[in-house]
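Remarks on the overall topology
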Amino acid sequence: MAAFDGTGKVALITGGSNGIGAAVARRLAREGARVVLADVDAEAGGALAKELDGAFVRCDVREPADSEAAVAAAVERFGGLDVAFLNAGIAGGGQLDETFDPAVYRRAMGINLDGVVYGVHAALPAIRNRGGGNVIATASMAALTATPFDPVYGANKAAVVGLVRALGPTYLPEGIRVNALCPSFADTAILGGMKEELQQSGFPILEVSDVVEAFMRILEADGAGEAWYVVPGRPSEPFKFRGVPGPR
């Protein structure tokens, strides 16, 4: 793997105001990249953009036009786009029993899945104009294993991995690498009340810095259509999917 050189590179990060997105933004800025933060949290995003000499764009990833505007801002402000980190996400889509709420379900699917679809669609032309680049979507270990405690989250994250696996070979010939980042429980606000439960049960919580390192490893690798797991105590690498049975 060659070390990532951010000099002259431009990165767009959805969900960039806090958590994993903010940590990746800081790392990319240290590596010389110009960052555009796209988020609904304008206060935190604006402050971080100022700190990093980047740009902030208010972006609700459920709205296709917002993703288009975020990409346009990257091109207008910094001249192009090389990395799209489609990271915006929420937990909690609800159960499918009598407590099911279609509005809660649609919000979770809209942010976690539609946001990636709209983000890829918006970013592809700009990355293509640079002769190639990277699209990395934040999925989850919930995409790779059952999540009975949050089935809708498991469903939309599994869909992100399925999308990435399909897009990877589609755009690799153009030099556009599409991959997924699949962290387990990381120490960010998305854990909410689960953090205390996890700590009490002894379940290890990922440091955000470990997720950032995995993100950088994806940038430095050469694969596409891969889902990189990030779990405590193991080096991150692409998950090896078993082949499905063929016809007899």
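Every value quoted in this text rests on a predicted model; they were computed, and no experiment measured them. (Residues numbered from 1 in each chain as written. Predicted model: local features only at pLDDT ≥ 70, side-chain atom pairs only at ≥ 80, totals over all residues. Heavy atoms only, no water.)

The subject of this paragraph is the overall build of the protein. The number of helices and strands found in the protein is seven helices and eight strands. For 248 residues, the compact-globule estimate of 2.2 N^0.38 gives 18 Å, and the protein sits close to it at 17 Å. The long-range share in the protein, meaning contacts at least 24 apart out of those at least 6 apart in sequence, stands at 65%. Element-wise, carbon and sulfur atoms account for 53% of the exposed surface of the protein, whose accessible area totals about 11700 Å². Charged side chains in the protein number 22 positive and 29 negative. The centres of these two groups are separated by 5 Å. (Helix = DSSP H or I, 4+ residues; strand = E, 2+ residues; numbered from the N terminus. Rg over C-alpha atoms; globule rule 2.2 N^0.38 Å. Contact = heavy atoms within 4.5 Å. Areas by Shrake-Rupley, 256 points an atom, 1.4 Å probe, with all protein chains shown as cover. Lys, Arg positive; Asp, Glu negative; His and termini not counted. Charge placed at Lys NZ, Arg CZ, Asp CG, Glu CD.)

Neither face of strand β4 (residues 83–86) is left uncovered, since the one carrying Val83 and Phe85 and the one carrying Ala84 and Leu86 both have all their residues buried. Relative to strand β5 (residues 133–138), β4 runs parallel, the two sharing four bridges. Among the inter-strand pairings, Phe85 is bridged to a residue of β5, identified as Ile136. Following the chain from β4 across helix α4 (residues 102–129) to the adjacent parallel β5, one finds a crossover that is right-handed. (Buried < 20%, exposed > 50% of the residue type's maximum accessible area, 1.4 Å probe, protein only. Pairing = 2+ DSSP bridges. Right-handed = clockwise from strand over helix to strand, strands pointing away.)

The subject of this paragraph is the sheet that holds β5. Across the sheet, which stays open at both edges, the eight strands sit in the order β3-β2-β1-β4-β5-β6-β7-β8 with mixed pairing between neighbours. The sheet is open, and its two edges are formed by β3 (55–58) and β8 (237–238), each paired on a single side. Where strand β1 (residues 10–14) and β4 come together, four bridges link them in parallel fashion. The residue bridging Leu12 from the neighbouring strand is Ala84, located in β4. The strands that helix α2 (residues 42–52) touches are β2 (34–39) and β3; relative to β3, the one it contacts most, it runs at about 160°. Taken strand by strand, helix α3 (residues 64–78) contacts β1, β2 and β3, and its axis lies near 160° from that of β2. (Axes fitted to C-alpha atoms, helices over the stretch in contact; angles between N-to-C directions.)

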